[in-house]
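# Working through the structure, step by step
For reference, the chains in residue letters:
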Amino acid sequence: MIMKKQFLIVGLGRFGSSLARTLVANGHEVLAVDRDAELVQDVTPYVTHAIQADCTDEAVLKELGASNFTHAIVAIGDDLQSSILTTLMLKELKIPHVIAKARDEMHGKVLRKIGADKIIYPERDMAMRLANQLSSNSIIDYIELSDEYNIVEMLASPAMHGLSLQKLNIRARFGCTILAIKTNDRMNVAPSAEDKIEAGNLLLLIGSLEQIRQLETHYDRKR
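Criteria and cut-off values
- Every chain is numbered on its own, with residues counted from 1 as its sequence reads.
- At least 70 in pLDDT is required for a residue's local features to be given in this predicted model, at least 80 for side-chain atom pairs to be given and counted, and no such filter applies to totals for whole chains, interfaces and linings, which use all residues.
- In computing side-chain values, all of the structure's heavy atoms are included and hydrogens and water are not.
- One bridge is not enough; two strands pair if DSSP finds at least two bridges between them.
- Put simply, DSSP marks the helices as runs of H or I at least four residues long and the strands as runs of E at least two long, and each gets a number from the N terminus on.
- Helix axes are fitted to C-alpha atoms over the stretch in contact, other axes to C-alpha atoms as well, and angles between N-to-C directions run from 0 to 180 degrees.
- Here, residues are in contact when the closest pair of their heavy atoms is within 4.5 Å.
- Burial here depends on accessible area, computed with a 1.4 Å probe over protein chains only, as a share of the maximum for the residue type. Under 20% is buried, over 50% is exposed, and the range in between is partly exposed.
- The definition of a polar contact used here is a pair of N or O atoms within 3.5 Å, where within protein one atom must be able to donate a hydrogen and the other to accept one, and adjacent residues in sequence count solely through side-chain atom pairs.

As a further point, take the pairing of strand E11 (residues 202-207). Summarising the sheet, strand E8 (residues 150-155) and E11 pair through six bridges and their orientation is antiparallel. Bridging from a neighbouring strand, Glu-153 pairs with Leu-204 of E11. The pairing of strand E9 (residues 177-182) with E11 spans five bridges and is antiparallel. Residue pairing for E11: Ile-178 is matched across the bridge by Leu-205.

Rendered as structure tokens:
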């Protein structure tokens, strides 16, 4: 059972409104705020509360009870001044987790300097994710965890068919680790060394993108 959380979302553009709807669909409570009355009206049927307000004003944030939230997301896109001021105000209200959307690296640096706990770059991250998928014959999906670690869903090469994880020895040879093997009917999480791979299985791997590329290239040559 998912523990219900309360989120404050400031900025109801495409990203903010989609985030708000999804959080509510996942069973959480969301207070959605924007200066634009039309955006507030659009999201009202889908969230717990939606309010038209200017969150660059500390008095407004206090009136909204912002300090009662443990999570706040600043999803303001193009108005850098409002994004920065809102983030600063939320941190001054001692909200434990303030996540801020950044337009670019410089915007992100400023948000980090004023105390944002997490910076997200939706456009950049989606572009990188798509580019990595399009650049590969095997990679189905890709999530960047950090500069060093990625989780990748990859289609098993025909050259792996019938081989056990012990025989493949992927961790020793390439440095990445198979977390799970997905077949049509089940997900084998934390597979054992004796488990075998069949062509067409989906492999869930963790490692650097370079390590996973080396693995992919090696078995592509054996097709």
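In this section: the sheet that holds strand E1 (residues 6-10). Pairing is parallel across the open sheet formed by six strands, whose spatial order is E3-E2-E1-E4-E5-E6. This sheet does not close on itself; its edge strands, each paired only once, are strand E3 (49-52) and strand E6 (118-120). This sheet shows a mean twist of 15° between the axes of neighbouring strands, independent of strand direction. In the sheet, strand E4 (residues 71-74) pairs with strand E5 (residues 97-101) via four bridges, with the strands oriented parallel. Across the sheet, Ala-72 pairs through a bridge with Val-98, a residue of E5. Against the sheet, helix H1 (residues 14-25) touches E1, strand E2 (29-34), E4, E5 and E6, its axis set at about 165° to E1.

Turning next to the sheet that holds E8. Strands sit in the order E7-E8-E11-E9-E10 across an open sheet of five strands; the sheet is antiparallel. Of all strands in the sheet, those with a lone pairing partner are strand E7 (139-144) and strand E10 (187-189), marking the two edges. Each strand of the sheet is rotated relative to its neighbour by a mean of 20°, with strand direction disregarded.

We now examine the environment of Asp-104. If you trace the backbone, Asp-104 turns up in the loop between E5 and helix H5 (105-113). Given the relative accessible area of 33%, Asp-104 is considered partly exposed. Each C-alpha atom, one on Asp-104 and one on Arg-124, is 8.2 Å from the other, the two residues being 20 residues apart in sequence. A distance of 2.9 Å separates a polar side-chain atom of Asp-104 from the backbone nitrogen of His-107.

Our next topic: unusual backbone geometry. One non-glycine residue, Lys-94, adopts positive backbone phi at about 65°. Tracing the backbone through its elements, the reader meets Lys-94 in the loop between helix H4 (80-92) and E5. Using a relative accessible area of 70% as the deciding quantity, one classes Lys-94 as exposed. Here Asn-169, not a glycine, exhibits a phi torsion of approximately 55°, which is positive. Note that Asn-169 resides in the loop between helix H7 (165-168) and helix H8 (170-174). Judged by its relative accessible area of 38%, Asn-169 is partly exposed.

Function-wise, these values are silent; they only describe arrangement.
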